[in-house]
Amino acid sequence: MNGEANESSSPARFRYLGPLEFFDGGQWSSIGAPKQRALLAVLLINANRVVSADQLMAELWGERPPPSAAGLLAGYVWRLRNGLGDPGGRMLSTRAPGYRLVLPAGATDVDEYEKLVTAGRKSLAEGDLSAAVGTLTEGLGMWRGTPMADVAMVPSVLAESARLEEARLAVVEARIEAEIGLGGHETLLPELKLMVSQFPLRERLHAQLMVALYRSGQQAEALGAYRDLRGLLVEELGVEPSKPLRELQGRILRDDPLLLETPRRATPATAILRPAVPRTLPPDVPAFIGRERELAWITSRLASGEQRCAVHGMAGTGKTALAVHAAHRMTGSFPDGQVYLGLGASAAHGPASPADAVGRLLAALGVPAADIPPEGDRAGALLRTVLADRRAVLVLDDVADSAQIRHLLPTAPGCAVILTSRPASTAVDGAGLLRLGRLPATAATALIRRYAGAARVDADLAATVRLAGLCDHLPLALRAAATRLARRPEWTVGEFVSRLSDPRRRLEQLTCDGLSVHAALRAGVRLLRHSADPLPTRVLGRLGVLDLPVVSTAVLAAALDIPVASAESAAERLVDAGLVETLRMDRYRVPGLVRLFARGEYVTADEERAATHRVLGYYEGAVRDQLARLAANRGAGLAWYREECLTLRALAARASGTELPGLVSRLSSELSGASTGRWG
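These numbers were taken from a predicted model, which means no experiment stands behind them.

1. Comments concerning the side chain of Ser 161
Here comes step 1: One can find Ser 161 in helix H6 (residues 155-181).
Here comes step 2: Since its relative accessible area comes to 8%, Ser 161 is described here as buried.
Here comes step 3: Beyond its immediate chain neighbours, meaning those up to four positions away, Ser 161 contacts Thr 146, Pro 147 and Met 148.

2. Focus: unusual backbone geometry
Here comes step 1: Across the junction of Ala 96 and Pro 97, the peptide omega takes the value 5°, indicating a cis bond.
Here comes step 2: Inspection of the secondary structure puts Pro 97 in the loop between strand S5 (92-95) and strand S6 (98-101).
Here comes step 3: If you check the backbone angles, Asp 513 has positive phi at about 55° while not being a glycine.
Here comes step 4: Within the fold, Asp 513 resides in the loop between strand S12 (511-512) and strand S13 (515-516).

3. Looking at helix H13 (residues 319-329)
The periodicity of an α-helix, 3.6 residues per turn, causes residues three or four places apart in sequence to face the same way.
Here comes step 1: Along H13, the residues that are buried comprise Lys 319, Leu 322, Ala 323, Val 324, His 325, Ala 326 and Ala 327.
Here comes step 2: Where H13 is buried, its residues touch helix H12 (292-303), strand S7 (308-313), strand S8 (338-342), strand S9 (393-397), strand S10 (416-421) and strand S11 (433-436).

4. Section: empty space enclosed by the protein
Here comes step 1: Under the defined criterion, the tally for this structure stands at two cavities of 30 Å³ or more.
Here comes step 2: Taken together, Met 314, Ala 315, Gly 316, Leu 474, Leu 476, Ala 477, Val 517, Ala 520, Leu 521, Leu 593 and Val 594 form the lining of the largest cavity.
Here comes step 3: When contributions to the lining of the largest cavity are tallied by element, the ones reaching two or more residues are helix H19 (475-487), helix H22 (517-528) and helix H26 (592-602).
Here comes step 4: Broken down by element, the lining of the largest cavity gets its largest block of residues, three residues, from H22.
Here comes step 5: Partitioned by chemical class, the residues of the lining of the largest cavity number ten nonpolar, one polar and no charged.

5. Focus on the pattern of salt bridges
Where charged atoms from two side chains of opposite charge approach closely, those side chains can pair.
Here comes step 1: Enumeration according to the criterion identifies 30 salt bridges in this entry.
Here comes step 2: For the salt bridge of Arg 144 with Glu 21, the shortest nitrogen-to-oxygen distance reads 3.8 Å. Here Arg 144, found in the loop between helix H5 (129-140) and H6, pairs with Glu 21, found in strand S2 (residues 21-23); they are 123 residues apart in sequence, far enough to count as distant.
Here comes step 3: Overall, Arg 144 belongs to the partly exposed group, its relative accessible area being 31%.
Here comes step 4: For Glu 21, a relative accessible area of 18% corresponds to the buried category.
Here comes step 5: The partner of Asp 586 in a salt bridge is Arg 584, and the shortest N-O contact between them spans 2.6 Å.
Here comes step 6: Classification of Asp 586 by relative accessible area gives partly exposed; the value is 30%.
Here comes step 7: Connected via shared salt-bridge partners are Glu 166, Glu 173, Glu 177, Arg 202 and Arg 204.

6. Observations regarding the packing of H6 against helix H7 (residues 185-198)
When two helices pack together, their arrangement is captured by the angle between the axes and the distance separating the axes.
Here comes step 1: Look at H6 against H7: their axes get within 12 Å of each other, and the N-to-C directions meet at 150°. Here H6 is positioned roughly antiparallel relative to H7, judged by the angle of their axes. Between H6 and H7 the crossing geometry is left-handed. Along the contact surface, H6 presents Leu 169, Val 172, Arg 175, Ile 176, Glu 179 and Ile 180, while H7 presents Leu 188, Glu 191, Leu 192 and Met 195.
Here comes step 2: Looking at the contact of H6 with H7, its residues break down into seven nonpolar, no polar and three charged.

7. Focus on the sheet that holds strand S3 (residues 28-29)
Here comes step 1: If you trace the three strands from one edge of the open sheet to the other, you get S1-S2-S3, paired in antiparallel fashion. In this open sheet, the two strands that pair with only one neighbour each are strand S1 (13-15) and S3.
Here comes step 2: In this sheet, S2 lies alongside S1 in antiparallel orientation, the contact comprising three bridges. Within the sheet, the bridge partner assigned to Arg 15 lies in S2 and is Glu 21.

Conventions adopted
- Residues numbered from 1 in each chain as written.
- Predicted model: local features only at pLDDT ≥ 70, side-chain atom pairs only at ≥ 80, totals over all residues.
- Heavy atoms only, no water.
- Helix = DSSP H or I, 4+ residues; strand = E, 2+ residues; numbered from the N terminus.
- Buried < 20%, exposed > 50% of the residue type's maximum accessible area, 1.4 Å probe, protein only.
- Contact = heavy atoms within 4.5 Å.
- 1 Å grid on protein atoms, 1.4 Å probe; cavity = no way out; pocket = protein on both sides within 12 Å on 5 of 7 lines; lining within 4 Å.
- Points joined across faces, edges and corners; volume = space filled by probe spheres on them.
- Nonpolar A, V, L, I, M, F, W, Y, C, P; charged D, E, K, R; others polar.
- Salt bridge = Lys/Arg side-chain N within 4 Å of Asp/Glu carboxyl O.
- Axes fitted to C-alpha atoms, helices over the stretch in contact; angles between N-to-C directions.
- Parallel < 35°, antiparallel > 145°, perpendicular 65-115°, else oblique.
- Left-handed = near helix turned anticlockwise from the far one by under 90°.
- Pairing = 2+ DSSP bridges.

The following block contains the structure:
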């Protein structure tokens, strides 16, 4: 819950581990109208987050809401506020583009339940089994039936109900585990047999039943339970029981005396599905600078129970470093594993196939290669089983698309995943997306200082600022430059800046110790070539020709002599490849390093002359149009000139012998009469 929850002074509390009810300070009550109940349920599930009106209408009426849906929704909100004793809308507030239910921590029974579960799991991990049984039993006692049993199964309710039911099953298993450890195996047998019949593919329940039967002197029945599960797994999924379960069967066959022990800490049932904790994250970056806000966003999102977040952005912005650093920081919240998997969307060998990806992840989690099914669907089912009762965080790096990771996304409530990709991922909703851009100037300078040494940087701060600018404030380029400086203590920052100022040498110099700006940009070109359309690569070449920091789709269309719609489509492909950034719907920022790369790779003299001629012609015509319209709308002309000023100046400086310099000067002079003249 965030700090804004203090906006509400309402005493209302809610419970939905059963029928949906609210407590107004005197009694528990329900919401009578079905649509209002569904509306309240969706807002509760998304408490303290804005839910758009479009989403609410889609939840309440499906894909085709009636024309009157917006008005009906506003009416439902008004009536719900009155029903909750909140006519002023302090608790159920209107926030663009929709509504937000503002609640303090602990305002729902789910909050209290999850608090108890966390405490119970902690006691279990620490070996205090009596405390674990008591706390987990108290938490499970808060359930009053199916979550939101009286609410229509709209998408959010269906998903949340499934999440809670899955989590409840894991808590029941944890409580049973603790009771077995306390020697309560005989009294647990009726419950375990019922649970196994209800959840016949749940390996942990079968393991607990086998241990309980064996300790109760029923060796044959314990082996029969294994045989029943194996037959079902082979018939339904075409897979054998997991290796730990097969090992448990072997121990029962051998009459392993350790199976009869009832230690106060871990039990055989605990150990059989928990191989060594996987910790396969790459080493953390030596100095993590300038991403404090983004780091806090990821860690707070995962700490609050959200399962997915995705980091996307341009090449060289440090997406992988941020994801890995965040996962290292979250180790305490995910004690059952921190796993890294590179999926190679931009790699020279191409992206990993979905089946290969899930197989590699299972191997990282300790599943023997012989036990991993070759088919993606079956391997995905096994992965969900392995993660069913774990609290693990996965870093899926350089994701190609949602199809690649369909089987990799954990469903267990204790697991979380951090995705990185150049295009925005469709595997999370908009609230889970984080776009990473360039570092602020102060952070860029601090990063150079940290890697290259404080004394050298402080001796020439002006040169360091220029160095950061030549690196486009991109973390990859900054680290490469600073690492080169660190390896050459006899160089001054100013001398290195002089070398980087030569555009023919800059990309070559920004390569050091596995850090390569050129390689990162080349990877973006590989992403472009995943489709057969050559136009995005042609557009990249034109960006090198134009050498402008900001371009519009109209200019790209002029440079290539193609329709604006085609230029826009190609530019968006460049955004997804991590080579340019969107400033708004029709304008793009092109980093200097990308322009250098494009000039070196794709520009020929003939193409440069032709494209430059077309763009100059476009801007000559555009400036003439603005001059002709000044009398009618000087404000619009000034706004256009402000937006295009840097581009016009850059082109005019390179266009001697054409009409453009004179036209730009004339437009500037005309506009200065209606402004301070600072735009010229």
